[in-house]
Amino acid sequence: MQAKYPPISVQRGLASVSHLGNDGKTTNVTVADLGSLTRAKERLVGVTATMAGFYATLRLTSPTNLEIQTVSTSAAGYIYVGWEIEYGDYLGQAQRGQTSYSPAGAGEYTVNVTLADLGDIVKVRAEMMGLRNNWNASFQAGSRLQLTSATNLEARFYGSTNNTMTTNWVAHKVR
Amino acid sequence: MKAKYPPHQVQRGVTSVTHSAAGTMTTNVAITDVASLARALERMNGVTSISSSSLFIAASVRLTSATNLEITTYASAATTLYVNWEVEYGDYQDAIQRGTTTINFPGGCTEISSDVSLSDVGDASQTRLECSHHPDAASWHGSRVALTSTTNLRVFSTGSSCNIITRWLVCRVNP
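In this text, all values refer to a predicted model and were calculated from it rather than measured experimentally.

(A) Expanded view of the overall build of chain A. Helix and strand counts for chain A come out as 0 helices and 13 strands. Order of helices (α) and strands (β) in chain A, N terminus to C terminus: β-β-β-β-β-β-β-β-β-β-β-β-β. The C-alpha atoms of chain A give 17 Å as radius of gyration, which agrees with the globular expectation for 175 residues (16 Å, within 12%). Seen through its C-alpha atoms, chain A measures out along the principal axes to roughly 55 × 35 × 20 Å. For chain A, the proportion of contacts with a sequence separation of at least 24, taken over those separated by at least 6, is 77%.

Quick look at the structure:
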């Protein structure tokens, strides 16, 4: 008998990115072919480093490529980014995007993103994949994300002048 | 007829926490009964502040009962934090494992790991991981988790002159 929900599979890995200090890098990781971006969701499973002042975010840019962006705002060292990609039919039409904000002063700022109607939001998850900050920013940045309706995603950024903050997100139906 | 796989559902919220003094605070959030901790997964979806000075902010989440989400935050004095969270619950084979790992750091930011024994998760490609963390003193901070075998989780953290407390969970993606 055919399963009601085809099995989900998970790919995972670790990116070790060398930084000289006060710099940003983009690392592309080849992943096993996912077939379709709308049936896959990427996820950050944490960031660590050998120095202070580090940021990371990631996103799928094609069914075979995971883009990881890292920033060191201090010394030279390594930034370690753990990632997972979950893929299977249950995801159905996952929506993803990249949202940025550059504030003119310190505070929390809101960016609303319009989505294609997701239906009942009790059946939807919205996940944020880390945060990239400007490499020469001294103010520690933060971000958070929440679905506020079936067609609206609210991203909030915490930063100040010189913070150029970027986060990636995926909204998808749950099983 | 009873569905073979009960549909998953998602609860979400934003919790504000005001720190009168620098350090950690624990906030308990009542949630709709998820019936079993082994069938529910919690996720921290970012943290921001409205304070106008550069500071270290962090938040971790964990379910402590079927009706309670515990949020632990770190901030400096006179700071209000906003923490976004989601709880997804459904049929995970009653197999979700979760725990807390504390790693002590000397001065100087570095990465340290700690191994945790798990009940055998079976196929790692059918397993997903989540983590969130907070420091207990002002420090740059980070955590990530990785499966090194089907019975071992390695928790990595970054910090300086503090403890980094990481909440983690391991769950199967197919019912």
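(B) Seen up close, empty space enclosed by the protein. Tallied over the full model, the rule gives 2 cavities of 30 Å³ or more. In this model, the largest cavity occupies a volume close to 720 Å³. Residue assignment for the lining of the largest cavity shows that the elements contributing at least two residues are strand 3 (40-49), strand 4 (54-62), strand 10 (130-131) and strand 11 (142-149) of chain A together with strand 3 (40-49), strand 4 (58-65), strand 9 (127-135) and strand 10 (142-149) of chain B. Per-element accounting of the lining of the largest cavity gives the leading share, 5 residues, to strand 3 of chain B. For the lining of the largest cavity, a count of residues per class yields 16 nonpolar, 12 polar and 2 charged.

(C) How the structure looks around the interface of chain A and chain B. Counting residues at the interface gives 52 residues for chain A and 51 residues for chain B. With both sides pooled, the region where chain A packs onto chain B buries about 4,200 Å², and carbon together with sulfur makes up 48% of that total. Together, A:Arg125, A:Gln140 and A:Arg175 form the three largest contributors to the area buried by chain A at its contact with chain B, with a combined 17%. For the interface between chain A and chain B, the tally reads 5 salt bridges. With its nearest N and O atoms 3.3 Å apart, the salt bridge here joins B:Glu86 to A:Arg125. Our count for the contact surface shared by chain A and chain B stands at 28 residue pairs in polar contact (both at pLDDT 80 or more).

(D) A look at the nonpolar core. Counting 44 residues, the largest nonpolar core has A:Leu58, A:Leu66, A:Ile68, A:Val81, A:Trp83, A:Leu115 and A:Leu153 as the members making the most contacts within it. The leading source of residues in this core is strand 4 of chain A, at 5 residues. Sequence-distant contacts of A:Ile68, that is, excluding residues within four places in its chain, are made with A:Ala15, A:Lys25, A:Thr26, A:Thr27, A:Val29, A:Thr57, A:Leu58, A:Val81 and A:Trp83. Formed by 21 residues, the second largest nonpolar core is a distinct cluster that contains A:Tyr158, B:Val29, B:Ile57 and B:Ala59.

(E) Molecular detail of the packing of aromatic side chains. Under the counting rule described, the total for this entry stands at 7 aromatic pairs over all chains. Each ring, one from A:Tyr55 and one from B:Trp140, has its centre 5.6 Å from the other, and the planes form 85°; the classification is edge-to-face. Residue A:Tyr55 is located in strand 4, and its partner B:Trp140 is located in the loop between strand 9 and strand 10; the two belong to separate chains. In this pair, the class of A:Tyr55 matches that of B:Trp140, namely buried.

(F) Representation of the side chain of B:Thr80. All names here are of chain B. Along the chain, the position of Thr-80 falls in strand 6 (residues 79-89). Overall, the relative accessible area of 17% leaves Thr-80 in the buried class. A polar side-chain atom of Thr-80 sits 3.1 Å from a polar atom in the side chain of Thr-18.

(G) Representation of the environment of A:Asn162 within the structure. Residue and element names in this part refer to chain A. Within the secondary structure, Asn-162 sits in the loop between strand 12 (152-159) and strand 13 (165-173). Residues Asn-162 and Phe-139 lie 23 residues apart in sequence; the distance between their C-alpha atoms is 8.1 Å. With sequence-adjacent residues up to four places away left out, Asn-162 is seen in contact with Asn-134, Asn-136 and Ala-137.

(H) Inspection of the pattern of salt bridges at higher detail. Per the counting criterion, the structure on display carries 22 salt bridges over all chains. A salt bridge links B:Arg128 to A:Glu127; the shortest N-O distance between them is 3.6 Å. Pair noted here: B:Arg128 is in strand 9 and A:Glu127 is in strand 9 (residues 124-128), and the two residues belong to different chains. For the residue pair B:Arg128 and A:Glu127, the accessibility class agrees, reading buried in each case. Ionic pairing is found between B:Arg98 and B:Glu42, a salt bridge with its closest N-O pair at 2.7 Å. In this pair, B:Arg98 is assigned in strand 7 (residues 97-105) and B:Glu42 in strand 3, connecting sequence segments 56 residues apart. According to the relative accessible area criterion, B:Glu42 is buried, its value standing at 6%.

(I) Expanded view of the environment of B:Tyr82. Turning to its location among the elements, B:Tyr82 is positioned in strand 6. Separated by 33 residues in sequence, B:Tyr82 and B:Ser49 place their C-alpha atoms 6.1 Å apart. Excluding residues within four positions of it along the chain, B:Tyr82 makes contact with A:Glu108, A:Arg144, B:Val14, B:Thr15, B:Ser16, B:Gly46, B:Val47, B:Thr48 and B:Ile50.

The rules behind these values
- Residues numbered from 1 in each chain as written.
- Chains lettered and ligands numbered in written order.
- Predicted model: local features only at pLDDT ≥ 70, side-chain atom pairs only at ≥ 80, totals over all residues.
- Heavy atoms only, no water.
- Helix = DSSP H or I, 4+ residues; strand = E, 2+ residues; numbered from the N terminus.
- Rg over C-alpha atoms; globule rule 2.2 N^0.38 Å.
- Contact = heavy atoms within 4.5 Å.
- 1 Å grid on protein atoms, 1.4 Å probe; cavity = no way out; pocket = protein on both sides within 12 Å on 5 of 7 lines; lining within 4 Å.
- Points joined across faces, edges and corners; volume = space filled by probe spheres on them.
- Nonpolar A, V, L, I, M, F, W, Y, C, P; charged D, E, K, R; others polar.
- Buried area = accessible area lost by both parts, 1.4 Å probe.
- Salt bridge = Lys/Arg side-chain N within 4 Å of Asp/Glu carboxyl O.
- Polar contact = N/O pair within 3.5 Å; in protein donor to acceptor, adjacent residues only side chain to side chain.
- Core = buried A, V, L, I, M, F, W, Y, C linked by side-chain atoms within 4.5 Å.
- Buried < 20%, exposed > 50% of the residue type's maximum accessible area, 1.4 Å probe, protein only.
- Phe/Tyr/Trp six-rings, centres within 6.5 Å; stacked < 30°, edge-to-face > 60°.

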